[in-house]
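Listed here are the chains, written in short residue letters.
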Amino acid sequence: VSSNGLQAQEAVDDFYWCKERPVDYGMMSNNSKMLGDISRDTIEVMRRQESTVYACVDYLQLLRHLARTSEEGNSLADALIARREKICEWVYSVVDFFDVDREAASIVLSYLDRFIATNISANNETIDSRTLELGAITALYIALKLNYHGTLSIQTLVSLTNGRFNRSNIELMEVSMLSQLDWYVHPPTAVQFVHQFAQFFPTEMTDQAVYTSMIEQACFYTELAVWDTQICLKTCHPSTVGYAALLNAMESININRLSPGALKVFVESIAYICPDLVPSSGTVLEAQHRLFDMKLVPVVDPDEELSPPESPKKPREGYQMEDTSSSAHRIPLEDKTSYILNETSPRGFDTRHPPAKRVRVNEF
């Protein structure tokens, strides 16, 4: 084995058995230190938000408790998981068709999961199909309206429902959903954590092409996580998903292409900031395994009529995400009225080429 190979293997050992210890800032450039200080503050705020105002009750467990028998509870939970996966498939098909950043799906499902949890908690029963379907459409509308400058108009969404819902239905549900979310509509997402954590990877010690590939693959893993109800509700927060996604991305790269020193700096830096995020953590390992298994096993039923224009497992080339973590807050009270009344014009939608039938809503 070459000396480089031995150094790489030693780095892998540190990678998996890293303990909490101070960061060796001597191995980082001044620019990396400055970015690290900024990212550290941002990460602390985002992690506090994900565990408080954006935390979601495990509504599947709640359903099991409400059921008269364990068999009934498991049946209700399984049915809701299946419907959620179909919604996720539809959301990805729409954002891909309209060329929207795929992070939008994470935001939509954050809205929807919290909406479902609130409904089940309030009504002590599972959410009905029509409410779930309308909730999914409305969550998509809010996410695009708020984060992507009105990419889809409300009338375009109405046309995708095949007459099932009208403009008034979506507008009323929008008001209701925002109220149930307590106006917390900027959830920290796993892909945001990927970019924040990546600030601690010393790029000056790694080839730029390798670093870019690592980030793109990590973002791909975060896309998979949106499908997994277990990850979103029970296993871990978005920060854990983002960290696990980066570890999986690093594992997928030939170890000799990663600088052992860079790998060590990254793992120690994250462990110093977030003591619970270490490669040997049981929660991190579970998230890694679930994401890796999802990459190998398709979750889309090929017999379903509804299918996305391109595979939801395939990230776009040159996948990039604009850092929006600084806007992670709920809408100020004075902006709520103007928000409801402001429907911006659709951007980039050519009415001469209406959405394909495959992005229309079938019953979830």
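As the structure is a computational prediction, the values presented were derived from the model and not from experiment. (Residues numbered from 1 in each chain as written. Predicted model: local features only at pLDDT ≥ 70, side-chain atom pairs only at ≥ 80, totals over all residues. Heavy atoms only, no water.)

### Considerations on the pattern of salt bridges
(1) Moving on: Taken as a whole and assessed by the stated rule, the structure comprises eleven salt bridges.
(2) Moving on: With a closest N to O distance of 3.2 Å, Glu 133 and Arg 164 form a salt bridge. Of this pair, Glu 133 sits in helix H6 (residues 129–147) while Arg 164 sits in the loop between helix H7 (154–160) and helix H8 (167–180); the two residues are 31 residues apart in sequence, bridging distant segments of the chain.
(3) Moving on: A relative accessible area of 3% places Glu 133 in the buried class.
(4) Moving on: Judged by relative accessible area, which is 32%, Arg 164 ranks as partly exposed.
(5) Moving on: For Lys 145, the salt bridge is made with Glu 174, and the minimal N-O distance between the two is 3.1 Å. (Salt bridge = Lys/Arg side-chain N within 4 Å of Asp/Glu carboxyl O. Helix = DSSP H or I, 4+ residues; strand = E, 2+ residues; numbered from the N terminus. Buried < 20%, exposed > 50% of the residue type's maximum accessible area, 1.4 Å probe, protein only.)

### Quick notes on the packing of helix H3 (residues 59–66) against helix H5 (residues 103–123)
(1) Moving on: Remark: H3 packs on H5, axes separated minimally by 10 Å, with the N-to-C direction vectors making an angle of 20°. With respect to H5, the element H3 is oriented roughly parallel. You can see that H3 and H5 cross each other, and the crossing is left-handed. Here Tyr 59, Leu 62, Leu 63 and Leu 66 of H3 lie close against H5, whose contacting residues are Asp 113, Ile 116, Ala 117, Ile 120 and Ser 121. (Axes fitted to C-alpha atoms, helices over the stretch in contact; angles between N-to-C directions. Parallel < 35°, antiparallel > 145°, perpendicular 65-115°, else oblique. Left-handed = near helix turned anticlockwise from the far one by under 90°. Contact = heavy atoms within 4.5 Å.)

### Points about the side chain of Thr 138
(1) Moving on: One can find Thr 138 in helix H6.
(2) Moving on: Given the relative accessible area of 0%, Thr 138 is considered buried.
(3) Moving on: With sequence-adjacent residues up to four places away left out, Thr 138 is seen in contact with Ile 170, Met 173, Glu 174 and Met 177.

### What to know about the environment of Ala 67
(1) Moving on: Along the chain, the position of Ala 67 falls in the loop between H3 and helix H4 (70–97).
(2) Moving on: With a relative accessible area of 14%, Ala 67 lands in the buried category.
(3) Moving on: Distance from Ala 67 to Glu 125, taken between C-alpha atoms, is 8.3 Å for residues 58 residues apart in sequence.

### A short note on the state of the cysteines
(1) Moving on: Applying the stated criterion to the full structure yields zero disulfides.
(2) Moving on: Free of any disulfide, Cys 232 has its nearest neighbouring cysteine sulfur in Cys 88, separated by 7.9 Å. (Disulfide = S-S within 2.5 Å.)

### Quick word on the packing of aromatic side chains
In this description, a pair of aromatic rings is defined by centroid distance and the angle of the planes.
(1) Moving on: Per the counting criterion, the structure on display carries nine aromatic pairs.
(2) Moving on: With 6.0 Å between their ring centres and 35° between their planes, Phe 201 and Tyr 211 make a pair best called tilted. Of this pair, Phe 201 sits in the loop between helix H9 (190–198) and helix H10 (208–225) while Tyr 211 sits in helix H10, and the two are ten residues apart along the sequence.
(3) Moving on: Judged by relative accessible area, which is 2%, Phe 201 ranks as buried.
(4) Moving on: Aromatic side chains Phe 201 and Phe 266 sit 5.8 Å apart centroid to centroid with 55° between the ring planes, which places their arrangement in the tilted category. Here Phe 201 is found in the loop between H9 and H10, whereas its partner Phe 266 is found in helix H13 (residues 260–273), with 65 residues between them in sequence. (Phe/Tyr/Trp six-rings, centres within 6.5 Å; stacked < 30°, edge-to-face > 60°.)

### Re H3
One turn of the α-helix equals 3.6 residues, which is why residues spaced by three or four share an orientation.
(1) Moving on: For H3, the set of buried residues is Tyr 59, Leu 60 and Leu 63. All buried residues of H3 fall inside an arc of 105° around its axis, so they share one side.
(2) Moving on: Taking the backbone nitrogen of Leu 60 as reference, a side-chain oxygen 3.2 Å away marks Asp 58 as the first, capping residue of H3. (Arc of directions from axis to C-beta. Polar contact = N/O pair within 3.5 Å; in protein donor to acceptor, adjacent residues only side chain to side chain.)

### Topic: H13
(1) Moving on: Compared with the 20 Å implied by 1.5 Å per residue over 14 residues, the 20 Å span of H13 between its first and last C-alpha is a close match.
(2) Moving on: The element H13 is extensively covered by neighbouring structure, given that eleven of its 14 residues are classed as buried.
(3) Moving on: Looking at H13, one finds that the buried residues are Gly 261, Ala 262, Leu 263, Val 265, Phe 266, Val 267, Glu 268, Ser 269, Ile 270, Ala 271 and Ile 273. (Expected span 1.5 Å × (residues − 1).)

### As for the confidence of the model for the chain
(1) Moving on: When pLDDT is averaged across the chain, the result is 76; 70% of the residues are at 70 or more.
(2) Moving on: Predicted confidence in the chain is weakest over helix H15 (residues 336–341), with a mean pLDDT of 38, and strongest over H8, with 96.
(3) Moving on: Scored below 50 in pLDDT, residues 1–31 shows 50 contacts in the model against residues more than four places distant or in partner chains. (pLDDT = per-residue confidence, 0-100.)

### Considering the environment of Pro 260
(1) Moving on: Among the secondary structure elements, Pro 260 is positioned in helix H13.
(2) Moving on: Pro 260 sits in the partly exposed class, given a relative accessible area of 24%.
(3) Moving on: In this structure, the C-alpha to C-alpha distance between Pro 260 and Met 205, residues 55 residues apart in sequence, is 9.1 Å.

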